[in-house]
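Below, each chain spelled out in residue letters.
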Amino acid sequence: MNLKLYKPLCVFDLETTGTNVGKDRIVEICILKVNPDASRESKTWKVNPEMPIPKESSAIHGIYDEDVVNAPTFKEIAPKIMEMISGTDLGGFNSNRFDVPLLAEELLRAGLDFDLSKFKLVDAQTIYHKMEPRNLSAAYNFYCQKTLENAHSAEADVLATFEVLDAQVGQYQDLPNDVAGLSDFSFHSKFADLAGMIHFNDKDQEIFAFGKYKGQVVKEVFQKDIGYYGWLQSADFPLYTKKIFTKIQLKSRF
């Protein structure tokens with residue numbers, strides 16, 4: 001294994017009802033847990049999203065309403081997922097922009113706390129696009145010289161993603177082989193939240209990336225306009241973004 005792991009890495013993939021992080025739901029999740037000694041364990045769950053799966057989404061991943069009607073809800077399996085990812089770092093393919101934010105939403109919705117600061121995030125797609133400026137099937141063919149069968153099934157995608165990530169580390173001598181270095185390399189930009197609505201300024205202060213206070217320090221805005229915090233909490237923002245706003249609001253009191 002080319003990767004140097006100091007703690008387990010959970011590579012995961014989601015199949016979902018759509019691409020709206022705040023509103024769509026998981027219909028399948030696969031997690032491949034790779035340990036520092038290279039041993040692995042993999043778990044796959046079909047999930048009842050408690051909403052109809054759009055036909056256009058089913059056409060992509062092949063999961064239909066009848067396939068998940070008797071499956072557990074995400075809330076029912078959430079404790080098992082938290083147990084599996086606890087104390088690990090997270091990896092995936094386009095995971096920083098989609099899979100991690102959506103997983104965080106589902107965990108928070110299930111009443112479990114997801115704290116981004118406890119994880120290093122490694123996105124094999126970002127590494128691929130930076131090192132070989134293109135999808136998972138192409139990456140699998142390029143790095144592993146294999147054809148990806150059953151693309152868009154969570155299990156096939158997650159296994160291919162880990163092989164791509166491991167091959168990337170082996171191919172590029174100037175690419176870090178540890179999760180901390182790969183996590184830094186995977187990020188396009190550093191955000192305080194997962195949806196990219198709270199940025200940092202050059203003083204490492206959280207600032208708004210949208211709205212009438214765009215570019216202003218969040219803490220200072222809350223100190224002068226606490227009503228805006230209340231509006232943010234009632235508006236249609238991702239739960240993790242609201243959580244970060246709450247942490248900043250509590251700090252703004254002092």
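For the structure itself, consult the block above.
Residues numbered from 1 in each chain as written. Predicted model: local features only at pLDDT ≥ 70, side-chain atom pairs only at ≥ 80, totals over all residues. Heavy atoms only, no water.

**Student:** Before we move on, could you go through the pairing of strand β2 (residues 26-34) and cite the residues and values that matter?
**Tutor:** The side chains of a regular strand alternate between the sheet's two faces. Among the nine residues that make up β2, nine are buried, leaving the element largely enclosed by the rest of the structure. Sheet topology note: the strand β1 (residues 9-16)/β2 ladder contains eight bridges and is antiparallel. By the bridge assignment for β2, D13 is matched with C30. In terms of strand pairing, β2 meets strand β3 (residues 40-46) through seven bridges, oriented antiparallel. Looking at the pairing, C30 lines up with T44 of β3. Two successive antiparallel strands, β2 and β3, enclose a turn made up of five residues, where A38 displays a positive phi of approximately 75°. (Buried < 20%, exposed > 50% of the residue type's maximum accessible area, 1.4 Å probe, protein only. Helix = DSSP H or I, 4+ residues; strand = E, 2+ residues; numbered from the N terminus. Pairing = 2+ DSSP bridges.)

**Student:** Help me get a handle on the packing of helix α3 (residues 74-85) against helix α4 (residues 95-109), residues and values and all.
**Tutor:** Closest axis-to-axis distance for the α3/α4 pair is 9 Å, and the angle between their directions is 120°. Judged by the angle between their axes, α3 and α4 are oblique. Of the two possible hands of crossing, α3 and α4 adopt the one that is left-handed. Contact residues: α3 offers F74, A78, I81, M82 and I85, while α4 offers L103, E106 and L107. Residue composition of the contact of α3 with α4, grouped by class: seven nonpolar, no polar and one charged. (Axes fitted to C-alpha atoms, helices over the stretch in contact; angles between N-to-C directions. Parallel < 35°, antiparallel > 145°, perpendicular 65-115°, else oblique. Left-handed = near helix turned anticlockwise from the far one by under 90°. Contact = heavy atoms within 4.5 Å. Nonpolar A, V, L, I, M, F, W, Y, C, P; charged D, E, K, R; others polar.)

**Student:** Kindly report on the nonpolar core, identifying the contributing residues and their values.
**Tutor:** Counting residues in hydrophobic clusters, the biggest one holds 47 residues, and the most contacted among them are I29, F74, F114 and F208. Elements with a contribution of two residues or more to this core: β1, β2, α3, α4, α9 (218-224), α10 (226-234) and α11 (239-251). A total of seven residues in this core trace back to one element, the largest contributor, which is α4. Setting aside residues up to four positions removed in sequence, F74 forms contacts with I26, V47, N48, I81, L103, E106, L107 and A110. Listed in part, the 31 residues of the second largest apolar core include A139, Y143, C144 and F162. (Core = buried A, V, L, I, M, F, W, Y, C linked by side-chain atoms within 4.5 Å.)

**Student:** Hey, could you go over the environment of E105 for me, with residue numbers and the actual values?
**Tutor:** Within the secondary structure, E105 is located in helix α4. For the pair E105 and V21, spaced 84 residues apart in sequence, the C-alpha separation works out to 7.3 Å. A polar contact is formed between the side chain of E105 and the backbone nitrogen of Y240, at a distance of 2.9 Å. (Polar contact = N/O pair within 3.5 Å; in protein donor to acceptor, adjacent residues only side chain to side chain.)

**Student:** Lay out the packing of aromatic side chains with the relevant residues and their values.
**Tutor:** This model, assessed by the stated rule, comprises 16 aromatic pairs. Between the aromatic rings of F142 and Y143, the centroid separation amounts to 5.0 Å while the plane-to-plane angle is 80°, which identifies the pairing as edge-to-face. Residue F142 is classed as partly exposed on the basis of its relative accessible area of 28%. Ring pairing ties together the aromatic residues F208, F210, Y213, F222, Y228, Y229, W231, F237 and F245, which thus form one cluster. Here the guanidinium or amino end of K130 rests over the ring plane of F185, the centre of that ring lying 4.9 Å away. (Phe/Tyr/Trp six-rings, centres within 6.5 Å; stacked < 30°, edge-to-face > 60°. Lys NZ or Arg CZ within 6 Å of the ring centre and 35° of its normal.)

**Student:** Give a detailed account of the pattern of salt bridges, specifying residues and quantitative values.
**Tutor:** The final tally for this structure, using the stated rule, is seven salt bridges. Note that D236 and K23 form a salt bridge whose closest N and O atoms lie 3.7 Å from each other. K23 carries the same exposure label as D236, and that label is exposed. Across the pair E163 and K146 runs a salt bridge, and its minimum N-O distance is 2.8 Å. With a gap of 17 residues between them, E163 in helix α7 (residues 154-171) and K146 in the loop between α6 (136-144) and α7 connect regions that are remote in the sequence. Taking relative accessible area as the criterion, K146 reaches 38% and is therefore assigned partly exposed. (Salt bridge = Lys/Arg side-chain N within 4 Å of Asp/Glu carboxyl O.)

Such coordinate-based values are descriptive only and should not be taken to indicate function.
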